[in-house]
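# Fold and contact review
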Amino acid sequence: MAIIDSAKRYMIAEGNPTQWSGKYPDKDVISRDISLGHSYIIEENGRPAATFCFATGHEPNYDKIDGSWINDDDYATIHRLASDGSLSGVADICLEFCLNSSDNIRIDTHADNLKMRKWISSKGFVYCGIIKVSDGSPRLAFQLERLQNEN
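What you see is a predicted model; the values in this text were computed from it and never measured.

### Notes on the sheet that holds strand E6 (residues 126-132)
Strand order in the open sheet made by the seven strands is E1-E2-E4-E5-E7-E6-E3, with mixed pairing throughout. This sheet does not close on itself; its edge strands, each paired only once, are strand E1 (39-44) and strand E3 (66-67). Bridge analysis of E1 against strand E2 (residues 47-56) gives six bridges, and the strand direction is antiparallel. By the bridge assignment for E2, glutamate 43 is matched with proline 48. Those strands touched by helix H1 (residues 2-13) are E2 and strand E4 (76-83), and its axis lies near 80° from that of E4.

As structure tokens, then:
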């Protein structure tokens, strides 16, 4: 939770005060990620420096999209990528790990999260449209389909 809290402070300082406002993501959300086996830690010298959720299979928030996904094939989703700021390149480390498990990855972010949007675009994700998360707020949705010959 210390990593999540650090990321919340960073987002606010970077002009994104609403994506992770209030309690979200709280201990219950993170505990659920852990219990489902979807929570991962990136370590530096044996110390946790970042965390992310990587889930394979259906994401209910992605059922309705104002736009369209690249495909309807099986996919995995990256959620709640957070860093304490002590290690650079954590998003790249996360993506490399995820691409070892899936060639079809979806991700979403708040419109105000400019740093994440820039990173998502730089990695070849394609903008697909707008989805709504469980509280009804909109998120920009992206998908990366790595073709088999790109492995």
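### Some words on the pattern of salt bridges
Following the criterion strictly, the structure yields five salt bridges and no others. A salt bridge links aspartate 84 to arginine 47; its shortest N-O distance comes to 2.8 Å. Taken together, the residues aspartate 84 in the loop between E4 and helix H3 (90-99) and arginine 47 in strand E2 connect sequence positions 37 residues apart. Exposure remark for aspartate 84: the relative accessible area of 25% places this residue in the partly exposed category. Using a relative accessible area of 36% as the deciding quantity, one classes arginine 47 as partly exposed. Taking the shortest distance from any N to any O, the salt bridge between aspartate 103 and arginine 146 comes out at 2.8 Å. Residue aspartate 103 is found in the loop between H3 and strand E5 (104-109), and its partner arginine 146 is found in the segment after strand E7 (138-145); the two are separated by 43 residues along the sequence.

### Description of helix H2 (residues 27-35)
Every buried residue of H2 is accounted for by Val29, Ile30 and Asp33. Along the axis of H2, the buried residues cluster in a sector spanning 95°; they form a single face. Residues of H2 that are exposed and point over 90 degrees away from its buried face: Lys27, Asp28, Ile34 and Ser35. Against H1, E1, E2 and E4 lie the buried residues of H2. The N-terminus of H2 is capped by aspartate 26, whose side-chain oxygen sits 3.2 Å from the backbone nitrogen of aspartate 28. At the exit of H2 stands glycine 37, carrying a positive phi of roughly 75°.

### Structural notes on the side chain of asparagine 104
The residue asparagine 104 is located in strand E5 in this model. On the accessibility criterion, asparagine 104 (6% relative accessible area) is buried. A distance of 2.9 Å separates a polar atom in the side chain of asparagine 104 from a polar atom in the side chain of asparagine 71. In terms of polar contacts, asparagine 104 uses its side chain to reach the backbone carbonyl oxygen of aspartate 74, at 3.0 Å. Apart from residues lying up to four places away in sequence, asparagine 104 is in contact with Asn71, Asp73, Asp74, Tyr75, Ala76, Gln143, Leu144 and Glu145.

### A word on the side chain of threonine 51
Mapped onto the fold, threonine 51 is located in strand E2. The buried category is assigned to threonine 51, whose relative accessible area is 10%. Engagement of the side chain of threonine 51 in a polar contact is seen with the backbone oxygen of tyrosine 40, the distance being 2.9 Å. Not counting residues within four places of it along the chain, the set of residues in contact with threonine 51 comprises Ile3, Ile4, Ser39, Tyr40, Ile41, Arg80, Leu81 and Ala82.

Cut-off values and rules
Residues numbered from 1 in each chain as written. Predicted model: local features only at pLDDT ≥ 70, side-chain atom pairs only at ≥ 80, totals over all residues. Heavy atoms only, no water. Pairing = 2+ DSSP bridges. Helix = DSSP H or I, 4+ residues; strand = E, 2+ residues; numbered from the N terminus. Contact = heavy atoms within 4.5 Å. Axes fitted to C-alpha atoms, helices over the stretch in contact; angles between N-to-C directions. Salt bridge = Lys/Arg side-chain N within 4 Å of Asp/Glu carboxyl O. Buried < 20%, exposed > 50% of the residue type's maximum accessible area, 1.4 Å probe, protein only. Arc of directions from axis to C-beta. Polar contact = N/O pair within 3.5 Å; in protein donor to acceptor, adjacent residues only side chain to side chain.

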